[in-house]
Every structure is written in structure tokens, then in C-alpha cells.
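A look at the structure
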Amino acid sequence: MGTPVGNVSSPDSAGGERSLLDLSFPELEQELVADGLRPIHAQTLFRAIHHDLATTKEALEAHPGFLPPLRRWVGGQIGTGGRFTLPQLEVVSEVLSSDGLTRKLLLRLADGQVVETVLMGFSGRHTACLSTQAGCAMGCVFCATGQMGFVRNLTPGEIVSQVHRAQSALRASGGTGLRNLVLMGMGEPLNNYDAVMAALECVCDSRGLNLGSSRITISTVGVVPGILRMVAERRPYPLAVSLHGSTDAERSALVPAGRRWPLDELMDACREYTTATEGRIFFEWTLIAGRNDSPEHAARLGALLRGIPSHVNLIPLNPTQGFDGTATQGGAAKRFQEVLKEAGIPSTLRQRRGIDVAAGCGQLRAERTRTDPVTNSTRSPRSVSS
Ligand code: SAH
Ligand code: SF4
């Protein structure tokens, strides 16, 4: 099941041209030096792309910081006849929550696939929620992305480009800039391991966007080999594991990946992660009325997490077309939280507003493709209920 850990597909490379957004700083430097430029030009170009967010060849050629050799390189190597492209994600639609705090972008990739990026701004601390795959192979029954199946992995550049889009949107609205990233959009990040890690290294590079690695949370359905690889490679990113069930039978009914990686294996991998990082791990629990939201479920979850430094995020279900379930109501959710607290497990109950109501993982895309074939137009923001 699923896509092998570490598989990177790169639709751009088929035509022989590479996206500049796929290149790490060392790779970009290597390319320029091979073409006879001095390494300093790589710093200038990397900063123009990843910090100043230049989106076109023309913007790069007009960049005041570029010396003639770099300008000539850009003129000859980007676009028609050149070895590189600077592809941008096209905004197909934008939805603003009625409280104005959440903005959801539907973005079209070069081959027409559409993914979601969500921008959340609570008390001035902006967070972007990124997609890592078009679709997902893991088939979680309540998830709109899982219901659409797997299409393909995103490239590093397509993941980086989502961050650029979010940062540009914030700059345009006079915001303070991005502080946090969460990989909780469409797709399973650890099934696209290499591209995800390359993209995160790029956005953390101090010569570009310079985001802090401790503010980037990777959410996984529990791909054990990917978690262990993160530990072995000492990846510094906080980890969130989507549990939703505390016995193999209950979990696997919601999350088929539970059959491939049973809870004892998953919990061992989580313990390795917390030991290696000396940090805690986040566990996500989608609250579904009558399925996994009783005090007994909470007690079993508390027992499962005993001894693991953890924090549980409780997310009331966003109903989806393909799943016949409803969200746990407030009282039951509070009781669930109380039982966890008695077991010594801290938790947060996510508010059902903005993104939480109408824009869960993959839902905007699902809604749009159901009601209205995706068009080329950029739509003006509209409100969703909260
Ligand atoms: N594939 C990764 C990251 C993307 S999904 C993962 O599964 O962790 C991010 C989170 O949204 C997961 O915890 C997932 O279970 C949750 N989620 C997906 N669909 C949802 C829905 N309809 N309602 C509530 N939570 C949902
Ligand atoms: Fe994939 Fe995550 Fe959705 Fe499961 S919840 S189908 S792993 S995106």
C-alpha cells in the first residue's frame, strides 16, 4: 500500500528543463560555478528567488542587485532554450473565512493538478498548511484527500512554491510574515520523503526565507519507516502522528495504514523519536461521534501514550461526502479532554471555525471539482461560514 518512502517524481525533469525552485543552495551554486560564475552570484540569485520572491525571468533580469554576468546567465538559462524554468503555482481560487483569519488557496500545478495551501493567522503568528502530494494513497475513510486516491508526489519546488505563495499573500496584506509551517494539507509527507526534506531545507536556508526548523511540523498517518528515517537522519522537525484509534482494530477501520504498521510498531517508532529529539510528539485525534469519542476511548488513549512525552490535538470531524460520520459535540469533546487530563496527557481541542469548518484537508478541492470544473480564473475572496 502507498508510495515507497523516498520516491520523488519530477514532472519538470521529463522535458530536460529543471525548475530552479527544485534546487537547494549548494545545487544552485554548483550549476552557476560550472557555468563560470563566481559563487557570490548564487547567493544573489537564491536570495532573489527565495527571499525577495521574484516570480519571473523578467523580474530577475530587472533585479537591482544583479551584476551583468548573472543577468546574462538568467537571460540565457531560464525559459525558452535554457536549462531551467521558474514555474509558479496558479491561484485557481481563494476562500477567506468569515472571521478573516484563515485564507485557503487552491493552486494549480504545471500539469493541471490542483492542491490546497491554507494560511492561518492567529494573533499575528501566521502559519501555512502545505500539501505534499496530489491526492493520497493511504485511504483514511473520513478524509477528502484519501477519498480521491493518489495522483502523484509534489516536487520540492512545488512544495517550496506554496510557501512563497503564502509569504507573498502575507506581504501583500501588510502582514508580519510566516512563522510556522504545518504539513497537514493534501497528502502523506513521509510517502514523499526526499522531496519534503529537500523543500524544508530550502525554506529554512538562511540565505533565503530563513524559517526556523523547530516551527515546521510534519504530520504523518504513521509511516513507521519514514519516522525512523527522520530519527536516523536527525531531522529537527516537530512530528505529529495521526492516531484516531487506540486499538489496531478501531484504528485500522478508520486508517487502513494501521494494518501495515500496527500500533506497537508505531508507538516504538514514536518512542525512538522522542528519545532522540528529547522532545514531545503530537498526536492527532479526529473526534467522530459514536466511533472514537467516549470516555473509555479517551482512557485507552491515555494508557497507550503513557510514558511518551506527548500532546494530543483533538479535531472534531469535518464531514465529507464519502464518509457517513458526524463530529463529536462540545460536551463529549470536553469530557474526552478531561479523561486525558486525568491520565496526565495534555491536549488541545481545536475550534471549529474558519478552516476547521469548511476547509479541512482536501475538502475545498473536492467541493470545487464536484460543483464546478476548475477554471483558469482567479476568484475574488468569498466568505465561508464559521
Ligand atoms: N497525511 C498526513 C497529513 C495530512 S492530513 C496525516 O494524515 O497526518 C492532516 C490531519 O487532518 C490528519 O490528522 C488527518 O487525520 C486530519 N483529517 C483529515 N480529514 C479530516 C476530516 N474530514 N476531519 C477532521 N480531520 C481530518
Ligand atoms: Fe492521506 Fe492524511 Fe488524508 Fe489519511 S488523513 S488519506 S494519510 S492525507
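The structure under discussion appears in the preceding block.
What you see is a predicted model, and the numbers here were worked out from it, not measured in a lab.

Some words on the nonpolar core
In a soluble, globular protein the nonpolar side chains are often hidden away together inside. Counting 101 residues, the largest nonpolar core has Leu 45, Leu 60 and Phe 283 as its most contacted members. The element contributing the most residues to this core is helix H7 (residues 193-204), with nine residues. Residue assignment places this core across two domains, with domain 1 (19-85) and domain 2 (90-357) each supplying three or more. With residues near it in sequence (within four places) discarded, Phe 283 still touches Val 241, Leu 243, Met 267, Cys 270, Leu 305, Ile 308, Ser 310, His 311, Val 312 and Asn 313.

Quick look at the packing of aromatic side chains
Counted according to the given criterion, the structure contains four aromatic pairs. With centroids separated by 5.5 Å and ring planes inclined at 85 degrees, the aromatic side chains of Phe 25 and Phe 46 adopt a geometry described as edge-to-face. With a gap of 21 residues between them, Phe 25 in helix H1 (residues 25-34) and Phe 46 in helix H2 (residues 39-50) connect regions that are remote in the sequence. Residue class for Phe 25 comes out buried when judged on its relative accessible area of 3%. The class for Phe 46 is buried, based on a relative accessible area of 1%. When the ring of Trp 73 is compared with that of Phe 84, the centres are 5.6 Å apart and the planes differ by 35 degrees; the resulting orientation is tilted. Of this pair, Trp 73 sits in helix H4 (residues 68-77) while Phe 84 sits in strand S2 (residues 84-85), and the two are 11 residues apart along the sequence.

Comments concerning the environment of Leu 301
Residue position: Leu 301 is located in helix H12 (residues 295-304). We classify Leu 301 as buried; its relative accessible area is 1%. Sequence separation of Leu 301 and Thr 247 is 54 residues, and the distance between their C-alpha atoms is 8.8 Å. Beyond its immediate stretch of four places on either side in the chain, Leu 301 contacts Leu 243, Ser 246, Trp 285, Val 312, Phe 336 and Leu 340.

Regarding the site of ligand 1
Surrounding ligand 1, one finds 19 residues, the nearest of these being Gly 187, Ser 219, Ser 242, His 244 and Asn 318. For ligand 1, an oxygen atom lies 2.7 Å from a polar atom in the side chain of Ser 219. The contact in question runs from an oxygen atom of ligand 1 to an N or O atom on the side chain of Glu 284, over 3.3 Å. Coverage of ligand 1 by the protein chains reaches 94% of its 530 Å² of free accessible surface. Taken together, the elements giving at least two residues each to the shell around ligand 1 come down to strand S10 (216-220) and strand S12 (281-287). Considering only residue class, the shell around ligand 1 consists of eight nonpolar, nine polar and two charged.

A few points about the pattern of salt bridges
One pass over the full model with this rule turns up 14 salt bridges. A salt bridge links Asp 194 to Arg 229, with the shortest nitrogen-to-oxygen separation between them at 2.7 Å. Of the two residues, Asp 194 is situated in helix H7 and Arg 229 in helix H8 (residues 224-232); the sequence distance between them amounts to 35 residues. The salt bridge involving Glu 233 is made with Arg 235; its shortest N-O contact spans 2.9 Å. Several salt bridges converge on common partners, so that one network encompasses Asp 194, Glu 201, Arg 229, Glu 233 and Arg 235.

Details of the pairing of S10
Across the five residues that make up S10, a large majority, five, are buried. On S10, burial covers both faces: Ile 216, Ile 218 and Thr 220 on one face and Thr 217 and Ser 219 on the other are all buried. Pairing of strand S9 (residues 178-183) with S10 involves three bridges; the strand directions are parallel. Counterpart to Val 182 in the pairing with S10 is Thr 217. Handedness of the β-α-β unit built from S9, H7 and S10 comes out right-handed.

A short note on the pairing of strand S4 (residues 102-108)
The element S4 is extensively covered by neighbouring structure, given that seven of its seven residues are classed as buried. On S4, burial covers both faces: Thr 102, Lys 104, Leu 106 and Arg 108 on one face and Arg 103, Leu 105 and Leu 107 on the other are all buried. By the bridge criterion, six bridges tie strand S3 (residues 90-97) to S4 in an arrangement that is antiparallel. The residue of S4 that forms the bridge with Leu 96 is Arg 103. The antiparallel hairpin formed by S3 and S4 contains four residues in its connecting segment, where Gly 100 sits at a positive phi of about 75 degrees.

Topic: the packing of H1 against H2
Across the interface, H1 lies against H2 with an axial gap of 8 Å and an inter-helix angle of 130 degrees. In terms of orientation, H1 and H2 fall into the oblique class. In the crossing of H1 with H2, the sense of the turn from one axis to the other is right-handed. Residue-level contacts link Phe 25, Leu 28, Glu 29, Leu 32 and Val 33 of H1 to Pro 39, His 41, Ala 42, Gln 43, Leu 45 and Phe 46 of H2. Split into classes, the residues belonging to the contact of H1 with H2 amount to eight nonpolar, two polar and one charged.

Let's talk about the side chain of Ser 131
In this structure, Ser 131 sits in the loop between strand S6 (125-129) and strand S7 (133-135). Classification of Ser 131 by relative accessible area gives buried; the value is 0%. Discounting residues that sit within four places of it in the chain, Ser 131 has contacts with Val 115, Glu 116, Leu 154, Ile 159, Gln 162, Gly 185 and Met 186.

Details of unusual backbone geometry
Of note in this structure, Leu 53 is not a glycine but carries a positive phi near 60 degrees. Its identity as a non-glycine residue notwithstanding, Glu 278 has a phi of 55 degrees, on the positive side. Summarising the element assignment, Glu 278 is placed in the loop between helix H11 (263-277) and S12. For Glu 278, a relative accessible area of 74% puts it in the exposed group.

Cut-offs applied
Residues numbered from 1 in each chain as written. Chains lettered and ligands numbered in written order. Predicted model: local features only at pLDDT ≥ 70, side-chain atom pairs only at ≥ 80, totals over all residues. Heavy atoms only, no water. Core = buried A, V, L, I, M, F, W, Y, C linked by side-chain atoms within 4.5 Å. Buried < 20%, exposed > 50% of the residue type's maximum accessible area, 1.4 Å probe, protein only. Helix = DSSP H or I, 4+ residues; strand = E, 2+ residues; numbered from the N terminus. Domains from an automatic or database assignment. Contact = heavy atoms within 4.5 Å. Phe/Tyr/Trp six-rings, centres within 6.5 Å; stacked < 30°, edge-to-face > 60°. Near = heavy atom within 4 Å. Polar contact = N/O pair within 3.5 Å; in protein donor to acceptor, adjacent residues only side chain to side chain. Areas by Shrake-Rupley, 256 points an atom, 1.4 Å probe, with all protein chains shown as cover. Nonpolar A, V, L, I, M, F, W, Y, C, P; charged D, E, K, R; others polar. Salt bridge = Lys/Arg side-chain N within 4 Å of Asp/Glu carboxyl O. Pairing = 2+ DSSP bridges. Right-handed = clockwise from strand over helix to strand, strands pointing away. Axes fitted to C-alpha atoms, helices over the stretch in contact; angles between N-to-C directions. Parallel < 35°, antiparallel > 145°, perpendicular 65-115°, else oblique. Left-handed = near helix turned anticlockwise from the far one by under 90°.

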